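The lines below spell out each chain.
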Amino acid sequence: MDLDALSGVIAYKHTGEHVTTVTAAVDRITLNHPLKELCDLELSGQVTYATGRSSMEVSLQVAKAPGEGAKVKKEDILMTCAFTMVSLDPSTKKPVAICPIKLETAEERRLFALGEKNSNEKKAMAKKTLRKQTPNDEESDLIHAMWLKQLEYHDPNLPARKPENVIYMSHTVLHSSQIMQPQYRNRHNFMIFGGFLLKQTFELAFCCAAAFSHSRPTFVSLDPSTFENPVPVGSVLYLTATVAYTDPPLVTKISAGDGIKDVSEGEGKEKYTNIQIRIDSKVRNVEHGETKPTGQFNYTFLVERDIRVMPQTYSEFMIWVDARRRAEKVKTSIDGLEGVEDDWAEARGKDDGKGVRVTE
């Protein structure tokens, strides 16, 4: 909620008060270094990508507050994230063009290039969704292997039985519903504040991960998430949490050959498991009974337990494939995060007082 509120302040500093700014998407929230002590925190950020259209990317970081006159050190950066904000006309609620940012330093150019890369990747991912493309050959092999494993578990003539650490996806689902109160609305209208929705989805995801693993999960990251439709005051918000994917997974492709490796039994037991929780949200207009989707949120937690999730139906297999794609994309982008931390820390240290960066 604090990060979303700060991104709104930064967006209005860029656009001015003549437009209405809303949160369109959370591109990613990553926990870089866990907080292990009581200390003051500094939340800071700036607009890093704006081309003159209606949207802008606001990059934020949470760090240990440095001493007076000191710079933020790389190891003191606890969390990094990026929000996509969209400016609307207050009367028509239609997107309006905003000023592009002026790049003056090498750090600002690198951050702009990163924002452009993220924007292109999101557009590319939208074209590769499972609604538009079928699972590839490797994903189809993994689905088939899990289906065969299910047949073994239910065949009385075979000795194989489902291990205790393998849980069916349908058994992991949690639901919540609540009416939206006016104290959580935006400053300009009677729509619910996006940060409040993130808070509610995070809490349900945490409960789902804890119930699934029977342990206390540790937050790792929030994957790119988009707000599809606004949530009005007085409406009912429905949230559904599902364990979509576990890493290491139940079955994995053997890179050195064409076979499928089962990692759920025998040797290779893992001490830690990454759990990806998918939150599907929808809002219902009480007066008219109309229901609309409001967004999908994907949280990743780490638990100290060896546990696997197993889909059964075709819909669950598609949820598993989509989550696996997200996990694989995260692995390929981890290396680039350290460079981003350096750029943000350097940009923070070279703040020239022009008001580009907002700090709390």
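Residues numbered from 1 in each chain as written. Predicted model: local features only at pLDDT ≥ 70, side-chain atom pairs only at ≥ 80, totals over all residues. Heavy atoms only, no water.

(A) Main features of the overall build of the protein chain. Along the protein chain, the regular secondary structure elements total five helices and 15 strands. When each of the 360 residues of the protein chain is scored for burial, the buried share is 45%. For the protein chain, the proportion of contacts with a sequence separation of at least 24, taken over those separated by at least 6, is 78%. Taken as a whole, the protein chain presents about 18,800 Å² of accessible surface, with 53% of it coming from carbon and sulfur. (Helix = DSSP H or I, 4+ residues; strand = E, 2+ residues; numbered from the N terminus. Buried < 20%, exposed > 50% of the residue type's maximum accessible area, 1.4 Å probe, protein only. Contact = heavy atoms within 4.5 Å. Areas by Shrake-Rupley, 256 points an atom, 1.4 Å probe, with all protein chains shown as cover.)

(B) Quick look at the nonpolar core. With 70 residues, the main nonpolar core has Ile277, Ile279 and Tyr299 as its most contacted residues. For this core, the element with the most residues is helix H4 (residues 194–213), which contributes eight residues. Not counting residues up to four positions away in its chain, the partners in contact with Ile277 are Ala205, Cys208, Ala209, Ala241, Thr242, Val243, Phe297, Asn298, Tyr299 and Phe301. (Core = buried A, V, L, I, M, F, W, Y, C linked by side-chain atoms within 4.5 Å.)

(C) The arrangement of the pairing of strand E4 (residues 77–88) in detail. In terms of burial, E4 is largely enclosed, as 12 of its 12 residues are buried. Where strand E3 (residues 55–64) meets E4, nine bridges bridge the pair, whose relative direction is antiparallel. Paired with Met56 across the bridge in E4 is Met85. (Pairing = 2+ DSSP bridges.)

(D) Looking closely at the pairing of strand E7 (residues 218–222). When strand E1 (residues 20–31) meets E7, the two strands line up antiparallel, connected through two bridges. Bridging across to E7, Ile29 finds its partner in Leu222. As paired strands, E7 and strand E13 (residues 291–303) are joined by four bridges and run antiparallel to one another. Each residue of the ladder has a partner; that of Thr218, found in E13, is Leu302.

(E) The arrangement of the packing of aromatic side chains in detail. This model, assessed by the stated rule, comprises 11 aromatic pairs. Both rings, one in Phe202 and one in Tyr299, keep their centres 5.8 Å apart while their planes meet at 65°; by these two values the pair is edge-to-face. Placement of Phe202 in helix H4 and of Tyr299 in strand E13 is noted, with a sequence separation of 97 residues between them. Judged by relative accessible area, Tyr299 falls into the buried class, the value being 3%. In this structure an aromatic cluster arises from ring pairing among Phe202, Phe206, Phe219, Tyr299 and Phe301. It is Lys162 that lies over the ring of Tyr168; its NZ or CZ is 5.2 Å from the centre. Positioned over the ring face of Phe190 is Arg185, at 4.7 Å from the centre of the ring. (Phe/Tyr/Trp six-rings, centres within 6.5 Å; stacked < 30°, edge-to-face > 60°. Lys NZ or Arg CZ within 6 Å of the ring centre and 35° of its normal.)

(F) Examining empty space enclosed by the protein more closely. Going through the model one piece at a time under the given rule, you end up with one cavity of 30 Å³ or more. Leu197, Thr201, Phe227, Leu237, Leu239, Ser281, Thr294 and Phe297 together form the lining of the largest cavity. Elements supplying a minimum of two residues to the lining of the largest cavity: H4, strand E9 (236–247) and E13. In terms of residue class, the lining of the largest cavity is made up of five nonpolar, three polar and no charged. (1 Å grid on protein atoms, 1.4 Å probe; cavity = no way out; pocket = protein on both sides within 12 Å on 5 of 7 lines; lining within 4 Å. Points joined across faces, edges and corners; volume = space filled by probe spheres on them. Nonpolar A, V, L, I, M, F, W, Y, C, P; charged D, E, K, R; others polar.)

(G) Molecular detail of helix H2 (residues 106–127). In a regular helix each residue adds 1.5 Å, so 22 residues correspond to 32 Å; H2 covers 32 Å between its end C-alpha atoms and thus fits that length. Within the span of H2, buried status applies to Glu107, Glu108, Leu111, Phe112, Gly115 and Ser119. Projected down its long axis, H2 shows its buried positions confined to an angular sector of 135°, all on one face. (Expected span 1.5 Å × (residues − 1). Arc of directions from axis to C-beta.)

(H) Layout of the environment of Ala5. Inspection of the secondary structure assignment puts Ala5 in helix H1 (residues 2–15). Owing to a relative accessible area of 38%, Ala5 belongs among the partly exposed residues under this scheme. Distance in space between the C-alpha atoms of Ala5 and Thr23 is 9.6 Å, their sequence separation being 18 residues.

(I) Broad picture of helix H3 (residues 137–154). The terminal C-alpha atoms of H3 lie 26 Å apart, and with 18 residues this matches the ideal 26 Å at 1.5 Å per residue to within 8%. Within H3, the full set of buried residues consists of Glu139, Leu142, Ile143, Ala145, Met146, Lys149, Gln150 and Tyr153. Around the axis of H3, the buried residues are gathered within 160° of arc, so they sit on the same side. Capping of H3 at its N-terminal end is provided by Asn136; its side-chain oxygen lies 3.2 Å from the backbone amide nitrogen of Glu138. (Polar contact = N/O pair within 3.5 Å; in protein donor to acceptor, adjacent residues only side chain to side chain.)

(J) Local environment of unusual backbone geometry. Residue Pro248 is bonded to the preceding Asp247 through a cis peptide linkage, with omega at 10°. Within the secondary structure, Pro248 sits in the loop between E9 and strand E10 (251–253). Within the chain, Lys93 stands out as a residue other than glycine whose phi angle is a positive 65°. Following the sequence through the fold, Lys93 ends up in the loop between E4 and H2. Positioned with a positive phi, His214 is a non-glycine residue whose angle comes to about 55°. Assignment of secondary structure puts His214 in the loop between H4 and E7. Judged by relative accessible area, which is 68%, His214 ranks as exposed.

(K) Up close: the environment of Ala210. You can see Ala210 is positioned in helix H4. With 65 residues separating them in the primary sequence, Ala210 and Ile275 have C-alpha atoms 10.0 Å apart. With residues near it in sequence (within four places) discarded, Ala210 still touches Ser215 and Pro217.

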